[in-house]
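# Descriptive analysis of the structure
If you want the building blocks of each chain, they are given just below.
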Amino acid sequence: MSEKASSAAASLFDLRTVIAILFAFYGVVLTIMGFVTATPENTAKSGGLNLNLWTGIGMLILAAIFIVWARAKPLGADAPPPGDDDRPPTHH
Amino acid sequence: MLVAATDLRLNTTWIDYVLVAFYFVLVLGIGVLARRSVSSSLDFLLSGRSLPAWVTGLAFISANLGAIELIGMTANGAQYGLPTVHYYWIGAIPAMVFLGIVMMPFYYGSKARSVPEFLQKRFNHTTQRVNAVTFALSSVLIAGVNLFALGLVMEALLGWSLAVAIPVAALVVLSYTFLGGLSAAIYNEVLQFFVILALLIPLTVGGLARVGGWTGLQEKIIAAGNEAELHAWPGTPLTGIDNPFWSVVGIVFGLGFVLSFGYWTTNFAEVQRALSAKDMSAARRTPIIGAYPKALIPLVIVVPGMIAAVLVPALTAAKAGQPSDVTYNNALSLLMNEVLPNGVLGVALAGLLAAFMAGMAANVSSLNTVFTYDIWQDWLHPGKDDRYYLQVGRAVTVIGCLLAIGTAAIAGSYSNLMDYIQSLFSFFNAPLFAIFILGLFWKRMTGTAGWTGLISGTIAAVIIDVLVRTGVLDLSSQAGSFVGASAAFIVGVIVAVIVSMVTQPKPDSELVGLTWSLTSKEDRSHGPDGAATSVLTNPVALGAGVILLTIILYIVV
């Protein structure tokens, strides 16, 4: 287990971006469904709440939080240990 | 006078499947992306010890938040009500904090790559090998349980046959763990954590809205004559012990000490998540960060179970002792169908499938590490270069998944999966915890005592299990596994003490950093690289915080 081999994992893509992508997509789909399919019998299932709409909005907020966090503290800025290879994060 | 057959199939539409498919694309994408970061066996098997604490902390909890947990605990919520919270609070939080604050400095500080390797450093090679082999065996068996349970759900919810569902599920887990190793497994566990919450939170909110909020739920449960289910203590419905005092004793000592400390502190599938953290401070914070969601999650697991029991007619009937074609194990999916509209339902289905894969991926990725390092590298084929062991790690992933398909068949032959799991646990974890604690606090304990304690503890648990199964001991399976775990613990300690008296202990110089009394206070707190500057990065402050949170939660409910 050499020291330089482990440096590759330090430049692993940013998981926060992946979480943001997932919940942005889910959030958009559910929010649209919340507006389109909010028939009385659908909302009656959840006691009158428009569950798709509210879940969708919640997911969009979660996605936004992760985007802001990833922007505010990018991976490289999280101080790789000294002597480590200083490659920038490789996510796209 | 059977009621009409309850339809267990989810009312899914194409949009639900689009949401599920998108999730799977990301899961496999993580495997492909993580592959680029794998250039050594340490990258593959321990994520190059590079992950931040929030990632390992959430993976720590997600590896435990498998489908058996999800389905089993909503079932318990439906059957026993609020006392189920003990599994999350007293049955997990103290042990998780103990792992982070007391034990992690020894695990992480010893630079061991696995629990068996730590045992080699503290005891000897025989102890390492005994533990590695039993761990590999139990991992493959438990992966089979996860796989079988996943197949059951896909069969019930989607109409897939077991013969199709089990290999398909195994293939998905195989592809991402094969490509990206532990990093892919851990990253997916973090993603799974959020998707599982996206299942549980809308389900709880929608369910509560249906029954008229928390007060509406209370009224309905009291009306059904089950008021004891609304109080966590003394928890007699859960323990089956009628005397309230002994019921509390059973919860505090049985669940809170032997079972919980044994599971959380020695189970490598969990500990491995902390060992992959980037420094000592992050490793110590891993189980403690995981403890916060663990303390809060019963609010969205136990409560939906309670809602299902009053809202779903077939379950209400079952609970009132009338004939019914559903069991408590169906509570989660029945409530999903009852409450969730299409859209959220697709997200929930993705969350459920995610939970199954989380459990199995944790089994497979920890099996990888133990087999490659402890069995192959240290024992059977030492001295090869690192690329060779990386190849072995990948090969073990494939073989592990194939074996899991086989052990899924064994799991299928047991009528109650939870009993099976509990038995496995009393065989393997309880004796391990015994020698671990003894070895940590008693430097006189010898290497020979390590493995003899392990084996005798396991034998004690197996004997109890056989006695309970054959009816010689008249105990319920739940009580049987608790007695088995206690017996394993006690026998393990007694044998280890006796053997230590007649064998030669290791010299003190070899035990520095491995036993409490020979490790300096500084090394027990942070080590040289521990950067703990604020309250938020201080493991002790974080640990105190979550204990306080748990006490407040107990007072509130």
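Residues numbered from 1 in each chain as written. Chains lettered and ligands numbered in written order. Predicted model: local features only at pLDDT ≥ 70, side-chain atom pairs only at ≥ 80, totals over all residues. Heavy atoms only, no water.

### Side note on the overall build of chain A
Secondary structure summary: chain A contains 4 helices and 0 strands in total. Overall, chain A shows an N-to-C arrangement of helices and strands of α-α-α-α. Classification of the 92 residues of chain A by burial places 38% in the buried group. Relative to all contacts within chain A whose residues are 6 or more apart in sequence, the contacts with residues 24 or more apart total 71%. Surface summary for chain A: the accessible area is close to 5,000 Å², and the carbon and sulfur share equals 69%. (Helix = DSSP H or I, 4+ residues; strand = E, 2+ residues; numbered from the N terminus. Buried < 20%, exposed > 50% of the residue type's maximum accessible area, 1.4 Å probe, protein only. Contact = heavy atoms within 4.5 Å. Areas by Shrake-Rupley, 256 points an atom, 1.4 Å probe, with all protein chains shown as cover.)

### Side note on helix 7 (residues 125-158) of chain B
Residue and element names in this part refer to chain B. For helix 7, which comprises 34 residues, the first-to-last C-alpha distance of 48 Å matches the rise-based estimate of 50 Å (1.5 Å per residue) to within 8%. Where helix 7 starts, the residue carrying a side-chain oxygen 3.3 Å from the main-chain nitrogen of Thr126 turns out to be Asn124. The first or second residue beyond helix 7 is Gly159, which carries a positive phi of 85°. (Expected span 1.5 Å × (residues − 1). Polar contact = N/O pair within 3.5 Å; in protein donor to acceptor, adjacent residues only side chain to side chain.)

### Points about the interface of chain B and chain A
The partner chain A presents 36 residues to the 47 residues of chain B that form the contact. A combined buried area of about 3,500 Å² lies between chain B and chain A, and 76% of that area is made up of carbon and sulfur atoms. Between chain B and chain A we count 0 salt bridges in total. Applying the counting rule to chain B against chain A returns 6 residue pairs in polar contact (both at pLDDT 80 or more). Residue assignment for the side of chain B that touches chain A shows that the elements contributing at least two residues are helix 1 (14-35), helix 2 (41-46), helix 3 (53-64), helix 8 (162-211), helix 16 (331-339) and helix 17 (344-380) of chain B. Here the side of chain B that touches chain A takes 12 residues from helix 8 of chain B, the largest share from any one element. The residue inventory of the side of chain B that touches chain A, partitioned by class, reads 29 nonpolar, 11 polar and 7 charged. (Buried area = accessible area lost by both parts, 1.4 Å probe. Salt bridge = Lys/Arg side-chain N within 4 Å of Asp/Glu carboxyl O. Nonpolar A, V, L, I, M, F, W, Y, C, P; charged D, E, K, R; others polar.)

### What to know about the environment of Ala430 of chain B
Residue and element names in this part refer to chain B. Summarising the element assignment, Ala430 is placed in helix 19 (residues 417-441). Taking the C-alpha atoms as reference points, Ala430 and Gly256, 174 residues apart in sequence, are found 13 Å from one another. Beyond its immediate chain neighbours, meaning those up to four positions away, Ala430 contacts Phe425, Ala485, Ala488 and Phe489.

### Side note on the environment of Lys384 of chain B
Among the secondary structure elements, Lys384 of chain B is positioned in the loop between helix 17 and helix 18 (386-412). Residue classification places Lys384 of chain B among the partly exposed positions, given a relative accessible area of 40%.

### Quick look at a nonpolar patch on the surface
All names here are of chain A. Side chains of Val28, Ile32, Phe35, Val36 and Leu60 sit close together on the surface and give an oily, nonpolar patch of about 500 Å² of accessible area. With 4 residues, helix 2 (residues 15-36) is the single largest residue contributor to the nonpolar patch. As for its placement among the helices and strands, Val36 is situated in helix 2. Take Val36: its relative accessible area is 63%, and that puts it in the exposed class. (Patch = residues over 30% accessible without salt bridge, like charges linked within 9 Å, V, L, I, M, F, W, Y side chains within 5 Å.)

### Quick look at the side chain of Asn146 of chain B
In this fold, Asn146 of chain B is placed in helix 7. Discounting chain neighbours no more than four positions away, the residues touching Asn146 of chain B are Ile68, Phe356, Gly359, Met360 and Asn363 of chain B.

### Side note on the nonpolar core
Of all hydrophobic cores here, the largest spans 201 residues; its most connected members are Tyr23, Leu70, Tyr107 and Met336 of chain B. For this core, the element with the most residues is helix 8 of chain B, which contributes 24 residues. Once residues within four sequence positions are removed from consideration, Tyr23 of chain B is found in contact with Leu22 and Tyr26 of chain A together with Leu191, Gln192, Val195, Ala350, Ala354 and Met357 of chain B. (Core = buried A, V, L, I, M, F, W, Y, C linked by side-chain atoms within 4.5 Å.)

### A look at the confidence of the model for chain B
Across chain B, pLDDT averages 84, with 93% of residues at or above 70. ipTM for the predicted complex: 0.82, alongside a pTM of 0.84. (pLDDT = per-residue confidence, 0-100.)

### Things to note about the environment of Thr84 of chain B
All names here are of chain B. If you trace the backbone, Thr84 turns up in the loop between helix 4 (67-80) and helix 5 (93-109). Between the C-alpha atom of Thr84 and that of Val512, which follows or precedes it by 428 residues, the distance is 41 Å. Residues in contact with Thr84, not counting those within four places in the same chain, are Met73, Asn76, Gly77 and Val302.

### Let's talk about the packing of helix 17 of chain B against helix 18 of chain B
All names here are of chain B. As a packed pair, helix 17 and helix 18 sit with axes 9 Å apart at the nearest point and diverge in direction by 130°. On the basis of the axis angle, helix 17 is oblique to helix 18. In this structure, helix 17 meets helix 18 at a crossing whose hand is right-handed. Mapping the contact onto sequence places Met360, Val364, Leu367, Asn368, Phe371, Thr372, Trp376 and Gln377 in helix 17 and Tyr388, Tyr389, Val392, Gly393, Val396, Thr397, Gly400, Cys401 and Ala404 in helix 18. Split into classes, the residues belonging to the contact of helix 17 with helix 18 amount to 11 nonpolar, 6 polar and no charged. (Axes fitted to C-alpha atoms, helices over the stretch in contact; angles between N-to-C directions. Parallel < 35°, antiparallel > 145°, perpendicular 65-115°, else oblique. Left-handed = near helix turned anticlockwise from the far one by under 90°.)

### Concerning the confidence of the model for chain A
All names here are of chain A. Of all residues in chain A, 67% attain a pLDDT of 70 or more, and the chain-wide mean is 74. No element of chain A has a lower mean pLDDT than helix 1 (residues 7-10), which averages 42, and none a higher one than helix 4 (residues 51-72), which averages 93. A low-confidence stretch, residues 1-11 stays under pLDDT 50, and its non-local contacts, those more than four residues away or across chains, total 23 contacts. In the model, residues 78-92 has pLDDT below 50 throughout and makes 17 contacts with residues more than four positions away in sequence or in other chains.

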